[in-house]
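One letter stands for each residue in the lines below.
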Amino acid sequence: MPINAKRCAQRLLAVAPALMQILRAEMRAGRRPDLTVPQFRMLVFFQIHPGAPLTGAAEHLGLSLPAASKLAVGMTARGLLARETSAEDRRRMAVTVTPDGLRCLSAAREAAVAVFTERLERLSPTERDVLFAMLGALQTVFEIPGEAQVGVSGGLPRSPLA
């Protein structure tokens, strides 16, 4: 008997949060030792939202604007973030991740990929093929932008991992 969409949705909602928790933990474990978790989360936020105002990061991190500003100033001084006057509003600062910040995130992502690769190797080649196809189907159904062939250009778009 075919499984209905409701059962699929229930299983997806049961599995997705646990997968995200594992992914977040692995990404954080792969971060540079001199990078705190709030700093890492701020890097991820600005990777996903380049040029966003600091208020967005403050809300995402659950920090006051002055605390987020202090964090961003320190990260800017370390060369992880860049702050520029917004082109749309000179009163606003636009924050972006620098190449060094992107290298930090890339190293953390690679560490997480290694852990997930190890776990997925427990599946048979056929199971991995089916999983890959179904992830592509989910990407289409939920209109998640990115490469149809994940392996071709290095992967899916950045996701909220922090």
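Data block above holds the structure.
Everything numeric in this text was worked out from a predicted model, so none of it was measured. (Residues numbered from 1 in each chain as written. Predicted model: local features only at pLDDT ≥ 70, side-chain atom pairs only at ≥ 80, totals over all residues. Heavy atoms only, no water.)

A. Looking closely at the overall build of the protein. Within the protein, the secondary structure is distributed over seven helices and two strands. Counting from the amino terminus, helix and strand elements in the protein follow one another as α-α-α-α-β-β-α-α-α. Once local pairs closer than 6 in sequence are excluded, the contacts in the protein between residues at least 24 apart make up 51%. Roughly 10,700 Å² of accessible area belongs to the protein as shown, and the carbon and sulfur atoms make up 61% of that amount. (Helix = DSSP H or I, 4+ residues; strand = E, 2+ residues; numbered from the N terminus. Contact = heavy atoms within 4.5 Å. Areas by Shrake-Rupley, 256 points an atom, 1.4 Å probe, with all protein chains shown as cover.)

B. Layout of the environment of Val113. Secondary-structure assignment places Val113 in helix 5 (residues 99-120). What makes Val113 partly exposed here is its relative accessible area of 41%. (Buried < 20%, exposed > 50% of the residue type's maximum accessible area, 1.4 Å probe, protein only.)

C. Main features of the nonpolar core. If you look at the biggest cluster of nonpolar residues, it comprises 26 residues, and the most contacted ones within it are Phe40, Met42, Leu43, Phe46, Leu54, Met75 and Leu81. Listed by contribution, the elements that provide at least two residues to this core are helix 1 (5-29), helix 2 (37-48), helix 3 (54-61), helix 4 (65-77), strand 2 (93-97) and helix 5. Among the elements that make up this core, the one with the highest residue count is helix 2 (six residues). Leave out the neighbours within four places in its chain, and Leu54 touches Met42, Phe46, Leu65, Ala68, Ser69, Ala72, Arg83 and Met93. (Core = buried A, V, L, I, M, F, W, Y, C linked by side-chain atoms within 4.5 Å.)

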